[in-house]
Amino acid sequence: MGKDIYSITAKHLVRILSDPKFKRNVQELGDLECPNEKSFAILQMINSSEYIVGDVEEGSDDCSHGEGPSAFDFGLEYGDGQDSYFLFALHSHPTGNVTPSIIDESGGDLLALSNMRENYAMYGGLAVRPIEGVVGSVDGKTIHILLIQEKTKTPLAVPFLRDYEDLDWRYDAKPEEIARILEETKGYNAIPITMHNKRLLFSDGLIDKLKKFEFSPTLTTPTEE
Ligand SMILES: [Zn+2]
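Residues numbered from 1 in each chain as written. Predicted model: local features only at pLDDT ≥ 70, side-chain atom pairs only at ≥ 80, totals over all residues.

Our next topic: the overall build of the chain. Summing up its helical and strand segments, the chain has seven helices and twelve strands in all. For the chain, buried positions account for 38% of its 225 residues. Excluding contacts between residues fewer than 6 apart, the proportion of contacts in the chain whose partners are at least 24 apart in sequence is 71%. (Helix = DSSP H or I, 4+ residues; strand = E, 2+ residues; numbered from the N terminus. Buried ≥ 20, exposed ≤ 12 C-beta atoms within 10 Å, placed from the backbone. Contact = placed C-beta atoms within 7 Å.)

Here it is, written out as structure tokens:
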């Protein structure tokens, strides 16, 4: 690919987090009236800063460990997968907590994130570091978003999550606590963000924290003839 590859910076991530549609979507994901899981994704162009915030899709149940119901259909509307990739995939937990689900080797939020990265590398010929967002609210006013990203060279989620399986962190853990545990594994970057009364509360040092999420997509297609 002769064109310039657009590098994802903390500033760019803040631009997306501040996007009016992003905020509206998060609001919708935190809506307590809906018992079903909802999701939306953000498609990033490989060669430019341009991105598309997708519409919110509603799942048919409260399953909190699936991937976005139609994220990939949405992606296909905008190209053949060669010129864009999913930078963010966000979904709601109708129960209100933002603990990423860990099922076993067959599923869960963290495994879905891993699979997404693997699939891009394997089938898309692209090494990227997508960001998963888990959104939840217990009172409908304060909405929590936990942003999670795998660090570049980590094994699949499952092997080291076994070390954490006795941790009873699935229930009622505070977003800050979940982020700390994820960071402690050294396999993830994690940031809790709060939205209150439709405003995103950006904590001090957010830019510095988001710098850990920065990456440049690289092509992984074999170069030998
Ligand atoms: Zn989930």
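Burial analysis of strand S9 (residues 142-150) places eight of its nine residues in the buried class, the great majority of the element. As defined by bridge partners, strand S8 (residues 131-137) adjoins S9 across seven bridges and the pair is classed as antiparallel. Counterpart to Gly133 in the pairing with S9 is Leu147. The antiparallel pairing of S8 with S9 creates a hairpin that spans four residues between the two strands, and Gly140 there sits at a positive phi of about 80°. The pairing of S9 with strand S10 (residues 188-196) spans nine bridges and is classified as antiparallel. (Pairing = 2+ DSSP bridges.)

On to helix H4 (residues 109-124), then. Helix length check: H4 (16 residues) gives 21 Å between terminal C-alpha atoms against 22 Å at 1.5 Å per residue, within 8%. Buried within H4 are the following residues: Asp109, Leu110, Leu111, Ala112, Leu113, Ser114, Met116, Arg117 and Tyr120. Directly beyond the C-terminal end of H4, a positive phi value near 65° is found at Gly125. (Expected span 1.5 Å × (residues − 1).)

Right, let's get into the pairing of S8. For S8, the tally of buried residues reaches seven of seven residues, placing the bulk of the element in the interior. Burial along S8 is two-sided: the residues Ile131, Gly133, Val135 and Ser137 and Glu132, Val134 and Gly136 are all buried. Alignment of strand S4 (residues 84-92) against S8, held across five bridges, turns out to be parallel. Following the sheet pairing, Ser92 is matched in S8 by Val135.

Okay, the confidence of the model for the chain next. Put simply, the chain has an average pLDDT of 81, and 75% of its residues get 70 or more. Taken element by element, the chain is modelled with least confidence in helix H3 (residues 71-76), mean pLDDT 52, and with most confidence in helix H1 (residues 10-17), mean pLDDT 96. Taken as a whole, residues 64-70 scores under 50 in pLDDT and shows 23 contacts with residues more than four places along the chain or in a different chain. (pLDDT = per-residue confidence, 0-100.)

Next up on the list: the environment of Ala127. Examined against the element boundaries, Ala127 turns out to sit in strand S7 (residues 126-127). On a C-alpha basis, the gap between Ala127 and Leu219 in space is 6.1 Å, while along the polypeptide they are 92 residues apart. Apart from residues no more than four positions distant in its own chain, Ala127 is found in contact with Ala121, Pro217, Thr218 and Thr220.

On to unusual backbone geometry, then. Of note, the phi angle at Asn197 is positive, near 45°, even though the residue is not glycine. Examined against the element boundaries, Asn197 turns out to sit in the loop between S10 and strand S11 (199-201). Looking at Asn197, the number of C-beta atoms within 10 Å reads 8, which means it is exposed. A positive phi angle, close to 65°, is found at Lys198, a residue other than glycine. Residue placement: Lys198 occurs in the loop between S10 and S11. Note on Lys198: 12 C-beta atoms within 10 Å, which makes it exposed.

Our focus in this paragraph is the nonpolar core. Residues Phe86 and Leu146 are the most contacted members of the largest nonpolar core, which totals 45 residues. What Leu146 contacts, discounting residues up to four positions off in sequence, is Val98, Gly133, Val134, Pro175, Ile178, Ala179, Ala190 and Pro192. (Core = buried A, V, L, I, M, F, W, Y, C linked by C-beta atoms within 7 Å.)

Before going further, it helps to examine the environment of Leu43. With respect to the helices, strands and loops of the structure, Leu43 is situated in strand S1 (residues 38-45). You can call Leu43 buried: it has 21 C-beta atoms within 10 Å. Placed 44 residues apart in sequence, Leu43 and Leu87 show a C-alpha to C-alpha distance of 5.9 Å.

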